[in-house]
Amino acid sequence: MFINSKVKLLVKDGDESYTIPKDYIGDIPEHIAKTWLVQMAIKSGHIVTPESKSDKALETADKKAVRTAKK
């Protein structure tokens, strides 16, 4: 899954730990994307999922994430 994260998360999936850095833009493994923590961050707007990897989609997603992170 391609994401734009405005928060740092440490995601645990079984014995595996996966860190999503603050201001990260890129792909994360699907099994990490399905964890409750990432799903709640998406629902809250702290992580956004751009519709594509185009500059315009990334810019739009970044603006949305910045607004949410400031709340």
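Our structure is the block above this text.
Residues numbered from 1 in each chain as written. Predicted model: local features only at pLDDT ≥ 70, side-chain atom pairs only at ≥ 80, totals over all residues. Heavy atoms only, no water.

Participant: Quick one: what's the story with the side chain of Ser5, residue by residue and with numbers?
Facilitator: With respect to the helices and strands, Ser5 occurs in strand S1 (residues 2–5). A polar atom in the side chain of Ser5 sits 2.6 Å from the backbone oxygen of Val7. Not counting the four nearest positions on each side in its chain, Ser5 is found in contact with Ile20, Pro21, Lys22, Asp23, Tyr24, His46 and Ile47. (Helix = DSSP H or I, 4+ residues; strand = E, 2+ residues; numbered from the N terminus. Polar contact = N/O pair within 3.5 Å; in protein donor to acceptor, adjacent residues only side chain to side chain. Contact = heavy atoms within 4.5 Å.)

Participant: Describe the pattern of salt bridges, with residues and values.
Facilitator: Any two side chains of opposite charge can pair, on the condition that their charged atoms come close. One pass over the full model with this rule turns up 2 salt bridges. Note that Asp23 is salt-bridged to Lys6, the shortest N-O span being 3.3 Å. Note that Asp23 is positioned in the loop between strand S3 (16–20) and strand S4 (24–27) and Lys6 in the loop between S1 and strand S2 (9–13), a separation of 17 residues in sequence. Residue classification places Asp23 among the partly exposed residues on the basis of a relative accessible area of 43%. With a shortest N-O distance of 3.8 Å, Lys22 and Asp23 are connected by a salt bridge. By relative accessible area, Lys22 is classed as exposed at 54%. Among the charged side chains, a salt-bridge network with shared partners connects Lys6, Lys22 and Asp23. (Salt bridge = Lys/Arg side-chain N within 4 Å of Asp/Glu carboxyl O. Buried < 20%, exposed > 50% of the residue type's maximum accessible area, 1.4 Å probe, protein only.)

Participant: Describe the environment of Thr35, and please don't skip the residues or the numbers.
Facilitator: With respect to the helices, strands and loops of the structure, Thr35 is situated in the loop between helix H1 (30–33) and helix H2 (36–44). What makes Thr35 buried here is its relative accessible area of 8%. Between the alpha carbons of Thr35 and Val11 there is a distance of 7.7 Å; along the sequence they are 24 residues apart. Leaving out residues up to four positions away in the same chain, Thr35 has contacts with Val11, Lys12 and Asp13.

Participant: Outline the sheet that holds strand S5 (residues 47–48), listing residues and values.
Facilitator: Sheets are built from strands that pair by backbone hydrogen bonding, the pairs being arranged parallel or antiparallel. The strand order S4-S1-S5 describes an open sheet built from 3 strands, whose pairing is antiparallel. Of all the strands in the sheet, the pair left with one neighbour each is S4 and S5. Examined bridge by bridge, S1 and S5 share 2 bridges and lie antiparallel to one another. Counterpart to Asn4 in the pairing with S5 is Val48. (Pairing = 2+ DSSP bridges.)

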